[in-house]
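Residues per chain are reported as follows:
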Amino acid sequence: MKKVLIAMLVMVIVGSFAFAGGSNESAGSAAAAETAAPVRNADKPVVFYNRQPSDPVSGEIDMTTMNWNDSTFYVGFDAAGGGAVQGQLIVDYLATADPAVIDRNGDGIIGYVLCIGDVGHNDSRARTEGIRKALGTWNGSTDPGSVQEGSANVGGTTMKVVELEGRAMTGTDGSTWNANAATDAMSGWATRFGNQIDMVVSNNDGMAMGCLQASNYPAGVPIFGYDANADAIEAIGAGTLTGTVSQNVDAQAAGTLQVLRNLLDGLTGEDVWTKGITEPDQYGNQISAEMVYLPETKALLAQNTGVNSSNWTQYTEGTRDAGIKQTDAPTKRVLLTVYNSADNFLSSSYVPALRYYAPLMNIDLNIVQGDGQNEGSCLDRFTNTSNYDAFAINMVRTNSGADYLSRLQY
Ligand code: BGC
Ligand code: CA
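Just so we're clear, the structure is a prediction, and the values are computed from it rather than from any experiment.

Lining the immediate environment of ligand 1, one finds 13 residues, of which Asn-50, Asp-123, Arg-127, Asp-227 and Asp-343 sit closest. Take His-121: an N or O atom from its side chain is 3.1 Å from an oxygen atom of ligand 1. For ligand 1, an oxygen atom lies 3.0 Å from a polar atom in the side chain of Gln-247. Within the complex, the protein chains bury 100% of what would otherwise be the 310 Å² of accessible surface of ligand 1. Its residues assigned to classes, the shell around ligand 1 shows 4 nonpolar, 4 polar and 5 charged.

So, on to the coordination of the calcium ion (ligand 2). Within the protein, the calcium ion (ligand 2) binds to Asp-103 (OD), Asn-105 (OD1), Asp-107 (OD), Ile-109 (O) and Asp-198 (OD); these donor distances fall in the range 2.3 to 2.7 Å. Between consecutive donor residues of the calcium ion (ligand 2), the sequence gaps follow D-x1-N-x1-D-x1-I-x88-D. Remark: Asp-198 occurs in the loop between α7 (179-193) and β6 (199-202) and Asn-105 occurs in the loop between α5 (99-102) and β3 (109-115); sequence separation between them is 93 residues.

What follows concerns the packing of helix α4 (residues 79-95) against helix α6 (residues 122-135). A packed helix pair is summarised by two numbers, namely the angle formed by the two axes and the spacing between the axes. The geometry of α4 relative to α6 is characterised by a closest axis approach of 7 Å and an angle of 35° between their N-to-C directions. Crossing geometry of α4 relative to α6 is assigned as right-handed. Residue-level inspection shows Ala-79, Ala-80, Gly-83, Ala-84, Gln-86, Gly-87, Gln-88, Ile-90, Val-91 and Leu-94 of α4 in contact with α6, the latter providing Asn-122, Asp-123, Ala-126, Arg-127, Gly-130, Ile-131, Ala-134 and Leu-135.

Before going further, it helps to examine the packing of aromatic side chains. Throughout the structure, instances matching the rule amount to 11 aromatic pairs. Ring centres of Tyr-49 and Tyr-350 lie 4.9 Å apart, and the angle between their planes is 35°; on these two criteria the pair is classed as tilted. Here the residue Tyr-49 occupies a position in strand β1 (residues 46-49), and Tyr-350 occupies one in helix α12 (residues 344-360), the gap between them amounting to 301 residues. Judged by its relative accessible area of 0%, Tyr-49 is buried. Taking 5.3 Å as the distance between ring centres and 75° as the angle between the ring planes, the aromatic pair formed by Phe-382 and Tyr-404 counts as edge-to-face. One end of the pair, Phe-382, is in the loop between α13 (376-379) and β14 (390-393); the other, Tyr-404, is in helix α14 (residues 401-405), and 22 residues separate them in sequence. The residues Phe-382 and Tyr-404 share a single accessibility class, namely buried. Of the aromatic side chains, those joined through ring pairs into one cluster are Phe-382, Tyr-388, Phe-391 and Tyr-404. Here the guanidinium or amino end of Arg-127 rests over the ring plane of Tyr-226, the centre of that ring lying 3.6 Å away. Over the aromatic face of Phe-73 sits the side chain of Lys-298, whose NZ or CZ is 5.4 Å from the ring centroid.

Definitions and limits used
Here the residue numbers are simple positions, counted from 1 along each chain's written sequence. Chain letters and ligand numbers both follow the written order, the letters beginning at A and the numbers at 1. Thresholds applied to this predicted model are a pLDDT of at least 70 for local features of residues and 80 or more for the giving and counting of side-chain atom pairs; totals over whole chains, interfaces and linings are not thresholded and use all residues. The side-chain numbers reported here are obtained from all heavy atoms of the structure, hydrogens and water having been left aside. Here, proximity means that at least one heavy atom of the residue falls within 4 Å of the molecule or strand. N or O atoms within 3.5 Å of each other form a polar contact, as long as, within protein, one can give a hydrogen and the other can take it, and as long as residues adjacent in sequence are counted only when both atoms are side-chain atoms. Only the protein chains shown count as cover for residues, with accessible areas throughout obtained via the Shrake-Rupley method and a probe of 1.4 Å. In this count, Pro and Cys sit with the nonpolar residues alongside Ala, Val, Leu, Ile, Met, Phe, Trp and Tyr, while Asp, Glu, Lys and Arg are called charged and the others, Gly among them, polar. Atoms of type N, O and S within 2.8 Å of a metal are treated as its donors, and for Na, K and Ca the window is 3.2 Å; water is not considered, so some sites may appear to be missing partners. Secondary structure counts use DSSP, requiring at least four H or I residues in a row for a helix and at least two E residues in a row for a strand, with both numbered from the N terminus. Here, axes are lines fitted to C-alpha atoms. For helices the fit covers the stretch in contact, and angles between N-to-C directions go from 0 to 180 degrees. Handedness of a helix crossing follows the sense of rotation of the near helix relative to the far helix, less than a right angle counterclockwise being left-handed and clockwise being right-handed. For this analysis, residues touch if any pair of their heavy atoms sits within 4.5 Å. Any Phe, Tyr or Trp ring, taking Trp's six-membered ring, that has another such ring centre within 6.5 Å forms a pair; planes under 30 degrees apart are called stacked, those over 60 apart edge-to-face, and the others tilted. Burial status follows relative accessibility: with a 1.4 Å probe on protein chains alone, a residue under 20% of its type maximum counts as buried, one over 50% as exposed, and anything between as partly exposed. Two limits define a charge over a ring: the Lys NZ or Arg CZ must be within 6 Å of the ring centre, and within 35 degrees of the ring normal.

Printed below as a string of structure tokens:
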């Protein structure tokens, strides 16, 4: 009984102290002199997700940002592996296609157009590379238009492959991966290239679905996306989209929250990226899908799988990870940014997954969504940081890590 009373007393003290820390930092530090020190913002967990801190031109990982503190990690998916999966999906499709059907103008060349997305984003770059390498059009650069003539096995015949045009899809508002820009581009391509277009490839589903929206989309021309968003999976079922790649959004969203949970529970070292991931965590939870940890970049990555008419039913909505169940973990507050509220993948796949898993882990998320073009649309609301226990960051530009971290200095 005595123990219970003491525990309750401690909880009351800690509770009021946390409150003081949240609303008024100086009151918090005064109290700190007598009781335990409050967690400084600079020591709180930070997980970057979906947009890996990196140089938008060279793609080099921003290790200064990643080494901000011992509790800074990136959670994403194997981008390079995913590009290869997408390339293979396309190559496999061509291998069983009928040259007489797919080569619409019968010139012996497979002509394709490419929606690149965001030229300054590692995921986009990895897909451009994977696709071009698979089709032989890779000439060492992910830039739009930087290609060579390729070749592929089409139904047993080797045919030339030509990238007719590749374009970064920037919206009129400056946002990237823009689906409307893809609709406009597709209608321009259909007019300009006509039946030279035998195939459409897109670095995400949002832009692929955008292409299918073009009123002059050449009916029946195979088209590939990436992400396995619900509408894309449905389109595969309906036969309008040929294939996509799942980057396993459930593993990523649950992984982002799991790493935060582990850090908030005081786990250190490899427990941070193994508990709940490769082995059960402190609550008996474990993400079912495989995730790989890369210590050199502090990155925890989900794996990719190709999706087409043979397996799309396994990817329909509502397939949440049964390995994550309700916990009795202490409630913690996390401020999470989303670079663009209009991004199809984040808004239709990632955020719903976060909203599903966060309450199970007793993580109280405050989600701030930006406009995809001005860093300020997220950064200006990355405030009142002392009110939160941890942070999850998705930046507009992948080299803005320092701007967010500078708000966590004190
Ligand atoms: C997704 C894209 C999305 C982007 C946002 C990528 O991993 O595949 O669909 O637009 O992340 O940062
Ligand atoms: Ca042709």
